[in-house]
Amino acid sequence: MLRRIRTSVVAALCCTVLGVGVAGCDGDALENWDPLASATRTPDATPISGTEKIDVAGRSVNVSCSGDPEKGRPVIILMHGAGDGLDKLADIQKTLSKQNRVCSYDRLGAGASDQPDGTQSFSSTGKILTGVLDRVAGDGPVVLAGHSLGGLIAARYAPDHQDRVKGLVLMDATPPTMANDIAKAIPESATGPAAELRAQNLAVFQGENPEKLVVPDGKVRSAGSIPVEVIQHGTRYLAAVPKYGPRLEQAWAAGQRKWLALSSGGELTTATNSGHYIYLDQPDVAVKAIERVTAQAARQAHGE
């Protein structure tokens, strides 16, 4: 039983909450986010085709790009969940690249990118993202499509980078107040496997994860009127966690609704037959959402 519950922690919470194995940061307040994460942009760099390692602030970052760029159309940036890497996004990237320029990357501590030097924050991981955008999109617009922790990072990044982030797709993104949600859903008085589940997940938010990224709770800030689509899972697998599962499902669903405050153009949909990995369970739902947001962002850019 304990082993089964531990699996649920990884698959249903550590996996759902932050991907599979999240990372910690120094807990920078959102208002301290550094919008000037990179000194220069390189719009004239030779486009990346396939997988390549690039230098970002002296760190090696693994990047994959495919599809032909189209002038004025946003580059789609896919952002993996914790414990994953760009390899898991390969199929959806291939599908989207038939009509779009699409890139993905491994964050520090994930995949084939360098390990972080120490604890990471939203600010430091945002600087890496900015460096990637500088290389793959230059001064052009981008649409960020993030899963789980990748969605949370995208949602925290967009408000301070409205000059370049012109659309968001959040695929079962980690809710903005998930640490508090878990603490409430599974009370401190819990014992046995539930207590272990609670402790493990709270530790993840405090930085005990491969990316060493601390994930503090915070308010949802506006990214303007950009198109935003939030996709939540429809298979209520969190409810299977003994005793506290229904509370966790309720908290997760509430967290997805909170992300709608990112934009006056936010929409929430449900992938009815999907668990946490929406882009694997129902790739057509994810692809259509990303293509809709990209098309809308392109129209807005042209004043249509």
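From a predicted model like this one, the values you see are computed outputs, not experimental measurements. (Residues numbered from 1 in each chain as written. Predicted model: local features only at pLDDT ≥ 70, side-chain atom pairs only at ≥ 80, totals over all residues. Heavy atoms only, no water.)

Quick word on the packing of helix α5 (residues 178–185) against helix α7 (residues 245–258)
Point 1. Across the interface, α5 lies against α7 with an axial gap of 9 Å and an inter-helix angle of 155 degrees. Taken together, the axes of α5 and α7 lie roughly antiparallel to each other. Our pair here, α5 against α7, has a crossing hand that is right-handed. Touching M178, D181, K184 and A185 of α5 are R247, L248, A251, W252 and K258, all from α7.
Point 2. A per-class count over the contact of α5 with α7 returns five nonpolar, no polar and four charged. (Axes fitted to C-alpha atoms, helices over the stretch in contact; angles between N-to-C directions. Helix = DSSP H or I, 4+ residues; strand = E, 2+ residues; numbered from the N terminus. Parallel < 35°, antiparallel > 145°, perpendicular 65-115°, else oblique. Left-handed = near helix turned anticlockwise from the far one by under 90°. Contact = heavy atoms within 4.5 Å. Nonpolar A, V, L, I, M, F, W, Y, C, P; charged D, E, K, R; others polar.)

Some remarks on the nonpolar core
Point 1. Core analysis: the biggest nonpolar cluster contains 57 residues, and V61, V63, I77, Y105, V136, L144 and L168 have the highest contact counts within it.
Point 2. For this core, the element with the most residues is helix α3 (residues 122–137), which contributes seven residues.
Point 3. Excluding residues that lie within four positions of it along the chain, V63 makes contacts with I48, G50, T51, E52, I54, L86, S104, Y105, V132 and V136.
Point 4. In terms of nonpolar packing, the next biggest core, distinct from the first, is built from 21 residues, L78, L96, Y279 and A286 among them. (Core = buried A, V, L, I, M, F, W, Y, C linked by side-chain atoms within 4.5 Å. Buried < 20%, exposed > 50% of the residue type's maximum accessible area, 1.4 Å probe, protein only.)

Considerations on the sheet that holds strand β8 (residues 265–271)
Point 1. Read across the open sheet, the eight strands follow the order β1-β2-β4-β3-β5-β6-β7-β8; overall the sheet is mixed. At either margin of the open sheet sits one strand with a lone partner, and together these are β1 (50–56) and β8. When the angles between neighbouring strand axes are averaged without regard to direction, this sheet yields 20 degrees.
Point 2. Where β1 meets strand β2 (residues 59–66), seven bridges bridge the pair, whose relative direction is antiparallel. Bridging across to β2, V56 finds its partner in R59.
Point 3. Against the sheet, α7 makes contact with β7 (227–233) and β8, and its axis sits at roughly 170 degrees relative to β7, the strand it touches most. (Pairing = 2+ DSSP bridges.)

With respect to helix α9 (residues 283–301)
Point 1. In this model α9 runs 27 Å from its N-terminal to its C-terminal C-alpha over 19 residues, within 8% of the 27 Å that 1.5 Å per residue would give.
Point 2. Every buried residue of α9 is accounted for by A286, V287, A289, I290, V293, T294, A297 and A298. For α9, the buried positions fall inside an angular range of 165 degrees around the axis, keeping them on one side.
Point 3. The secondary structure elements touched by the buried residues of α9 are β3 (75–79), α2 (90–96), β5 (142–147), β6 (165–171), β7 and α8 (278–281).
Point 4. Phi for G303, located one or two positions after α9, is positive at around 70 degrees. (Expected span 1.5 Å × (residues − 1). Arc of directions from axis to C-beta.)

Description of the state of the cysteines
Point 1. What the rule picks out here adds up to one disulfide.
Point 2. Between the sulfur atoms of C65 and its disulfide mate C103 the distance is 2.0 Å. Given an S-S torsion of about 110 degrees, the disulfide between C65 and C103 has right-handed geometry. You can see C65 sitting in strand β2 and its partner C103 sitting in strand β4 (residues 102–105), a full 38 residues away along the chain. In this structure, C65 and C103 share a single accessibility class: buried. (Disulfide = S-S within 2.5 Å.)

Describing the packing of aromatic side chains
Point 1. One pass over the full model with this rule turns up one aromatic pair.
Point 2. Ring centres 6.0 Å apart and planes at 65 degrees place the aromatic pair Y277 and Y279 in the edge-to-face group.
Point 3. What makes Y277 buried here is its relative accessible area of 11%.
Point 4. Over the aromatic face of Y277 sits the side chain of K88, whose NZ or CZ is 4.3 Å from the ring centroid. (Phe/Tyr/Trp six-rings, centres within 6.5 Å; stacked < 30°, edge-to-face > 60°. Lys NZ or Arg CZ within 6 Å of the ring centre and 35° of its normal.)

Focus: the pairing of β7
Point 1. Extensive coverage of β7 is indicated by the burial of seven of its seven residues.
Point 2. Burial along β7 is two-sided: P227, E229, I231 and H233 and V228, V230 and Q232, pointing in opposite directions, are all buried.
Point 3. When β6 meets β7, the two strands line up parallel, connected through four bridges. Looking at the pairing, L168 lines up with V228 of β7.

Side note on the pattern of salt bridges
Point 1. Enumeration according to the criterion identifies seven salt bridges in this entry.
Point 2. D134 is paired through a salt bridge with R164; the nearest N and O atoms lie 3.0 Å apart. Here R164 lies in the loop between α4 (149–157) and β6 and D134 lies in helix α3, a separation of 30 residues in the sequence. R164 carries the same exposure label as D134, and that label is buried. (Salt bridge = Lys/Arg side-chain N within 4 Å of Asp/Glu carboxyl O.)

Considerations on the side chain of N100
Point 1. Structurally, the position occupied by N100 is in the loop between α2 and β4.
Point 2. In terms of polar contacts, N100 uses its side chain to reach the side chain of R73, at 3.1 Å.
Point 3. From its side chain, N100 meets the backbone oxygen of L96 in a polar contact 2.9 Å long. (Polar contact = N/O pair within 3.5 Å; in protein donor to acceptor, adjacent residues only side chain to side chain.)

Overview of the pairing of β3
Point 1. The buried count for β3 comes to five of five residues, which makes it a mostly enclosed element.
Point 2. Here β3 shows a buried face lined by V75, I77 and M79 and a second buried face lined by I76 and L78.
Point 3. Looking at chain direction, β3 and β5 are connected through five bridges and run parallel. Bridge assignment links V75 to a residue of β5, and that residue is V142.
Point 4. Pairing geometry for β3 and β4, over three bridges, is parallel.

Treat this as a map of the structure, not an account of what it does.
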